[in-house]
Amino acid sequence: EVVVTMGSKEGLASLATAITAPGDVVLAPNPSYPIHTFGFIIAGATIRSVPTTPDENYFRSLERAMAFTVPRPSILVVNYPSNPTAETVDLAFYERLVAWAKENKVWILSDLAYSELYFDGNPTPSILQVKGGKDVAVEFTSLSKTYSMAGWRVGFAVGNRELIAAMTRVKSYLDYGAFTPIQAAACAALNGPQDIVEQNRQLYHKRRDILVEAFGRAGWDIPPPRASMFAWAPLPPALAHLGSLEFSKQLLTEANVAVAPGVGYGEDGEGYVRIAMVENEHRLRQAARNVKRYLQSMGVNTPSQSNAI
């Protein structure tokens with residue numbers, strides 16, 4: 001029921017290769033992290049998009065997909081906390097989703113890479129906490145975020161025995177497993193003191209608060225993310241006509257601030273950019289000052305109280 005992966009991305013791609021074939025239909029969120037769609041596209045499947053926001057419209061979209069798609073979808077990908085939107089769900093959402101999956105005979109693949117980067121005292125639930133979750137689901141996670149081991153390429157998948165067996169067989173042809181010292185380091189991280197996890201959580205929490213406050217003073221209102229290391233920021237209304245790609249280009253060339261255009265995560269990501277909270281407090285405030293100057297150069301009015309950022 002467990003297999004080591006070379007990060008959650010490789011695990012998702014290997015499982016996609018193992019359980020999908022040309023003509024299969026997969027439900028994936030839009031916007032979403034690219035592997036959630038392209039892992040299955042490479043395997044020959046067809047993608048039908050569902051919303052990322054976990055509200056009633058989400059479940060209506062699932063029902064429409066089952067009623068009006070031929071062949072019927074066989075797999076659903078979920079990712080909460082979401083990359084790129086930073087949205088989260090509660091356990092009741094997963095309980096409802098597991099019941100739906102059992103009724104419709106759909107596998108659920110859950111990407112839980114950002115499980116420990118939650119804010120405001122709201123821990124991230126796992127779909128495997130739901131009774132019967134292992135009957136329909138596999139969950140992926142990565143040590144990249146929780147233990148700051150990005151680039152080490154190590155994670156694991158947990159869940160349904162049948163899916164794990166299929167994935168393990170494909171992986172036996174594609175790779176020989178992660179480099180042994182990295183696996184040893186992963187064991188040390190998982191079995192050792194966990195105070196670093198809380199420290200990282202507090203670090204990103206502080207960065208989030210600084211980002212929202214400083215960019216707000218600069219004239220760009222950003223909703224505070226509830227989890228992850230990303231903020232999903234709507235374009236300033238006065239510049240929304242630029243589109244996310246052109247806005248991102250201008251922000252890079254005029255303000256020396258790099259963000260990811262939302263359209264890169266799917267067409268429903270248009271109108272947003274993803275901001276990674278990977279810089280320290282000083283750099284975030286410096287970025288906000290640069291953004292303020294850029295917005296003013298574009299004729300965007302900034303708040304009168306934004307004298308000090």
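You'll find the structure just up there.
Structure report, in brief. Note that residues are indexed from 1 along each chain, following the sequence as it is written. Only residues with pLDDT of at least 70 get local features here, since the model is predicted, and only at 80 or more are side-chain atom pairs given and counted; chain-wide, interface and lining totals rely on the full set of residues. To get the side-chain values, take all heavy atoms of the structure and skip hydrogens and water.

## With respect to the nonpolar core
Selection criterion: Think of a nonpolar core as a cluster: buried Ala, Val, Leu, Ile, Met, Phe, Trp, Tyr and Cys residues, connected wherever their side-chain atoms sit within 4.5 Å. Each residue is placed in one exposure class: buried if its accessible area under a 1.4 Å probe, protein chains only, is under 20% of its type's maximum, exposed if it is over 50%, and partly exposed if it falls in between. By the criteria applied, helices consist of DSSP H or I runs no shorter than four residues and strands consist of E runs no shorter than two, each listed in order from the N terminus. Contacts are residue-level and defined by heavy atoms, with any inter-residue pair within 4.5 Å sufficient.
Counting 33 residues, the largest nonpolar core has Phe-215, Trp-220, Phe-247, Leu-251, Val-273, Ile-275 and Tyr-294 as the members making the most contacts within it. Elements supplying a minimum of two residues to this core: α8 (195–218), β8 (230–234), α9 (243–255), β10 (272–276) and α10 (281–297). Here this core gets six residues from one element, more than from any other, and that element is α10. Ignoring anything within four residues of it in the chain, the contact list for Val-273 reads Trp-220, Ala-231, Trp-232, Ala-233, Leu-235, Ser-244, Phe-247, Ser-248, Val-259, Ala-260, Pro-261 and Gly-262.

## Describing α10
Counted only if it meets this: Helix span, as expected, comes to 1.5 Å for every residue beyond the first. Under the rule applied, a polar contact is a pair of N or O atoms within 3.5 Å (in protein, one hydrogen donor and one hydrogen acceptor; residues adjacent in sequence only if both atoms are side-chain atoms).
Its 17 residues give α10 an end-to-end C-alpha distance of 25 Å, which sits within 8% of 24 Å, the value for a rise of 1.5 Å per residue. Every buried residue of α10 is accounted for by Leu-284, Ala-287, Ala-288, Asn-290, Val-291, Lys-292, Tyr-294 and Leu-295. In this fold, the buried residues of α10 make contact with α8 and α9. Near the N-terminus of α10, the side chain that reaches the backbone nitrogen of His-282, with its oxygen 3.2 Å away, is that of Asn-280. Note on α10: the residue one or two positions beyond its end, Gly-299, has a positive phi of about 80°.

## Side note on the sheet that holds strand β2 (residues 25–29)
What links the strands of a sheet is backbone hydrogen bonding, and the strands pair in either a parallel or an antiparallel sense. Defined as follows: Note: two strands are recorded as paired if DSSP finds a minimum of 2 bridges between them. Fitting a line to C-alpha atoms yields each axis, with helices limited to the stretch in contact; the angle taken between N-to-C directions then spans 0 to 180 degrees.
Reading across the sheet, the seven strands line up as β1-β7-β6-β5-β4-β2-β3 and stay open at both edges, with mixed pairing between neighbours. Strands with a single pairing partner mark the edges of an open sheet, and in this sheet they are β1 (2–5) and β3 (46–50). In this sheet, adjacent strand axes meet at a mean angle of 20° when their direction is disregarded. Both strand β5 (residues 107–111) and strand β6 (residues 137–142) contribute to a ladder of four bridges, which runs parallel. In the sheet register, Asp-111 faces β6, and the bridge partner there is Phe-140. Each of β1, β4 (75–79), β5, β6 and β7 (155–159) is contacted by helix α1 (residues 7–19), which is oriented at about 150° to β6, the strand it contacts most.

## Describing the sheet that holds β10
Taken together, three strands build an open sheet; the order of strands is β8-β10-β9 and the sheet is antiparallel. Two strands in the sheet have a free side with no partner beyond their single neighbour: β8 and β9 (260–261). For β8 and β10, the ladder comprises five bridges, and the chain directions are antiparallel. If you follow Trp-232 over to β10, its bridge partner there is Arg-274.

## Observations concerning the packing of aromatic side chains
Spelled out, the test is: Stacked, edge-to-face and tilted labels apply to pairs of Phe, Tyr and Trp rings (six-membered ring for Trp) whose centres lie within 6.5 Å, assigned for plane angles under 30 degrees, over 60, and everything in between, in that order. Any Lys NZ or Arg CZ that is within 6 Å of a ring centre and within 35 degrees of that ring's normal is treated as a charge sitting over the ring.
According to the stated counting rule, one finds eleven aromatic pairs in the structure shown. Ring geometry for Phe-93 versus Tyr-94: centroids 5.7 Å apart, planes at 65°, classification edge-to-face. Judged by its relative accessible area of 6%, Phe-93 falls in the buried class. Overall, the relative accessible area of 0% leaves Tyr-94 in the buried class. An aromatic cluster is defined as three or more aromatic residues linked by ring pairs; in this entry it consists of Tyr-58, Phe-59, Tyr-80, Phe-93 and Tyr-94. The ring of Tyr-204 has Arg-207 lying over it, and the distance from NZ or CZ to the ring centre is 5.3 Å. In this arrangement the basic side chain of Arg-274 is found over the ring face of Phe-230, its NZ or CZ atom lying 3.8 Å from the centre.

Interpretation note: all reported values are geometric properties and have no functional meaning in isolation.
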